[in-house]
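Read off the chains here:
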Amino acid sequence: MPDDVTEGQAERTAAEKQAVAAKPAATDAKPAAEAKPAATDAKPVAEAKPAAEAKPAAAKPAKAAPPPDPRVVAATAVAEQIKASLERALGPGVVDETGAFKDVPQLVIASGKWLAAARFLRDEPEHAYTYVELFAGTDYKDKGYIEVALYVQSVANNRFINLKVRTPRDDAKLDSLTGLFPGVNWEEREVYDLLGVVFTGHPDLRRIMMWEGWNGYPLRKDYSPFENIPVKGGNGS
Amino acid sequence: MCALRSEEMILNVGPQHPSTHGVFRLVVTIDGEQIVDADPVVGYLHRGTEKLAEDLQYVQIIPYTDRLDYVASMLNNYALCHTVEYALDLEVPARAEYLRIIVMELQRVASHLLFLGTYLLDLGAMSPFLYAFQEREQIIMLFNEICGARLTYNYMRVGGVQWDAPPGWIEKVRDFTAQMQKKVPMYHQLVTGNEIFLNRVRGIGVISQEDGIAYAMSGINLRSTGFNWDLRKNRPYSIYDQFEWAVPVGKNGDCFDRYFIHLQEIEQSLNIVAQAVERVPDGPIIGKVPKLVRVPAGEYYRGIEGARGELGVYLVSDGKDKPYRLKLRRPSFVNLQILRKLLIGQSMANLIAILGAVDIVLGEVDA
Amino acid sequence: MFGIFKGLGVTFGQMTKKKVTLQYPDVRINMPERYRGIHQFIPELCIVCNQCARICPTDCISLSGTRNEDKKLRIDTYDINFEICILCDLCVEVCPTEAILMTPRFELASYTRDELYKDMEWLYGNHLGEFGSHEQAMAAQAAREAEHAAAAAANGVEPGGDS
Ligand code: SF4
Ligand code: SF4
């Protein structure tokens, strides 16, 4: 995926996401807060700034609809911080989108930088996201991509974040994280088995729940048990 | 290795083998008595719970979660209900929280007792199994009285629990807890001091702390390495913060530590139950929940401390009454990955000891 | 060596204790009141609202009804496929008239799968038991409950429950 295209897409989907997450009234306030870090990209500080800006913006549209959840606001600020740190280290375009659900900050990583970003966040002592809690794939048929979510905990800093990456449905391919976290080995096999995402660099990419020769990827939204009649007599070979 | 070279041989353990605790196949390559390679094969019990859940309303998914870790169904029920409540920001009435805590901790005791019984049975000790099942049976009968089922409880609902405690039930739990607290030293007498047992589990299947974290292990497997990580303390949910209890941690990360922590956790769980039964408040058992639960669009992940580790539910909703995607983070599945690493270089006799101590339930591994 | 003898001490101590097992087919386990066993169905009460069939997570209930002359719906067929029923109790929970209930029976083993497909008559028979009609069965149940309540009152426990 070329970076500039994803950038454009991301901006749009980001606005949509925010609208969903933080209720309609926040839409006018949020893009303004979001545009700021983009403008001050060159300046590498902006650590506490987004948080400070988001607070008054959140307080303003209180009369029309319920104000955005303070947890979401705080978590989004954390996500912005991590984004700034990531871009300082790996160059712009690493993070497509930031946001939060409830109290969990969320970053959508550009698919080409998936491994590098995960490695940076694991090894940098300031982040130290070492403990993987969840690895899951979701098929968004209408939006045309499969999304893989990784929930990691930083034990040292006691932080919990959600990293995501997207890959097109027809040619689903991602870098494997098994080298960083051996604990995602089977999870990646499961995502490969049920959603059909190929993890390059995985040491042992076989189906895990279904047998080899199973027709189709069951967790994809267009999977049909009638069209995808299993190959009879499959025995794992 | 001794000077005598023998030929490598492939041995299939399972899928139908009593000590694999279900339908689990392990293809081991052995050189004499020594394991050279091991390849766990899972999926024999795959029922597609995650796919099925996409077509079910939330209340209909609860009975399916019963069938994941079928020896700790209450905890599975709770994981799902808790995630939905978290997504909805729902208040749960105090009485429901207390009832939930009581049944969950009793369930943990029952599940750990099952581990003790079957683990020692694997190692060749027959009688602890009978003792463990005697106590477990009492817990199951208590559950039978409160929700009418012995294993697949379907007890919790979004916003509370389905049935209130029948008259006299709380007292029965109190009696059982007191009696069980006295029984725990008996297990230590029966097993912990036994030299044969100690020789078979001491220093076997050692997991280092770094490995434990890198392999994303959780629960007792992780705590046995000396790493203090219990979601009930580290990311508190429900009302666990209102009780006094401790998190037992191991030192060496070997099979003995895992066995020992199971017993210590039984004590701690009984501790929580004993405190909870004293203060169960009166009041409603289910909060104000719409008849058809609709989760607002978004993504939610909540992990709870299951009997075998972090039991998480990842819920993607598009605002309908059915989940768009439901991913279950099953602790047994994740914990099992380290098995290959633990087995290589061990002898065949240790295979059973190591596999048993990782404590898996195949219903959960395969979902 | 000492640890082994300590363990044996526990074993010998157990010898004097009471037995906890039952000789199953001869002695039956007493299931509590809430036990979720095989269903019973009472056609007199059913209003053919189809709620039970809709909530069933495994889709194992199939029913049909017709409209009477007096515009009321009457149940014609009511089948439960016990091959796939998971005894989850959701159908009982949603039924507005308690036409479908669960009994404490749990033995359903059979030689063929077809036998597990139970129709309305069989489920009604589950309700009737040895009684000839719904009224008699209900009267017997009421008598039983009164007896329970009296016994409970004598023991100083609050009568009934909420099951
Ligand atoms: S008990 Fe559950 S599975 Fe069985 S018929 Fe009722 S709703 Fe369906
Ligand atoms: S829910 Fe009850 S009344 Fe309605 S169709 Fe089912 S059995 Fe009949």
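Our structure's up above, just so we're on the same page.
Cut-offs applied
Along each chain, residues carry numbers from 1 onward, in the same order as the chain's sequence is written. Note on labels: chains are lettered from A, ligands numbered from 1, in written order. With the structure being a predicted model, the display of local features is reserved for residues of pLDDT at least 70 and the display and counting of side-chain atom pairs for 80 or more, all residues being used for whole-chain, interface and lining totals. Side-chain metrics rest on all non-hydrogen atoms present in the structure, leaving aside hydrogens and water. Pairing between two strands is assigned when DSSP locates at least 2 bridges connecting them. Helical segments are the DSSP runs of H or I of at least four residues, strand segments are the runs of E of at least two, and each set is numbered from the N terminus. Contact criterion: two residues are considered in contact whenever any of their non-hydrogen atoms come within 4.5 Å of each other. Here the quantity called buried area is the accessible surface, traced with a 1.4 Å probe, that two parts lose on coming together, added over both. Here, a salt bridge means any Lys or Arg side-chain nitrogen found within 4 Å of an Asp or Glu carboxyl oxygen. Throughout this description, a polar contact denotes any pair of N or O atoms lying within 3.5 Å of each other; where both atoms belong to protein, one of them has to be capable of donating a hydrogen while the other can accept it, and for residues adjacent in sequence the pair is counted only when both atoms sit in side chains. When residue character is reported, Ala, Val, Leu, Ile, Met, Phe, Trp, Tyr, Cys and Pro are called nonpolar, Asp, Glu, Lys and Arg charged, and the others, Gly included, polar. The classification of residues rests on relative accessible area computed with a 1.4 Å probe and restricted to protein chains. Under 20% of the type maximum is buried, over 50% is exposed, and intermediate values are partly exposed.

> Tell me about the pairing of strand E5 (residues 34-41) of chain B, residues and numbers included.
All names here are of chain B. Looking at chain direction, strand E4 (residues 25-31) and E5 are connected through seven bridges and run antiparallel. Note that in E5 the partner of Arg25 across the bridge is Val41. Taking the residues that link successive antiparallel strands as the turn, the E4-E5 hairpin has two residues, and the phi of Gly32 there is positive, at about 65°.

> Break down the interface of chain A and chain B for me, citing the residues and quoting the values.
Across the contact, 46 residues belong to chain A and 40 residues belong to chain B. Of the roughly 3600 Å² buried where chain A meets chain B, counting both sides, 55% is carbon and sulfur surface. Contact with chain B buries surface across chain A, with Tyr131(A), Trp186(A) and Met209(A) losing the most and accounting together for 21% of the total. Counting across the chain A and chain B interface gives nine salt bridges. Lys164(A) is paired through a salt bridge with Glu299(B); the nearest N and O atoms lie 2.4 Å apart. Between chain A and chain B we count 25 residue pairs in polar contact (both at pLDDT 80 or more) in total. Listing elements by their share of the side of chain A that touches chain B, those giving two or more residues are strand E2 (104-109), strand E3 (131-140), strand E4 (145-154), strand E5 (159-168) and helix H6 (185-195) of chain A. At 10 residues, E3(A) tops the list of elements feeding residues into the side of chain A that touches chain B. Broken down by class, the residue content of the side of chain A that touches chain B amounts to 24 nonpolar, eight polar and 14 charged.

> I'd love a proper account of the pattern of salt bridges, names of residues and values included.
Residue and element names in this part refer to chain B. For the coordinates displayed, the defined rule picks out 44 salt bridges over all chains. Between Arg95 and Asp164 there is a salt bridge, with the nearest N and O atoms lying 3.0 Å from each other. One end of the pair, Arg95, is in helix H4 (residues 94-122); the other, Asp164, is in the loop between strand E7 (160-161) and helix H6 (169-192), with 69 residues separating them in the sequence. Its relative accessible area of 17% is what places Asp164 among the buried residues. For the salt bridge of Glu278 with Arg174, the shortest nitrogen-to-oxygen distance reads 3.1 Å.

Distances and angles like these do not, on their own, reveal function.
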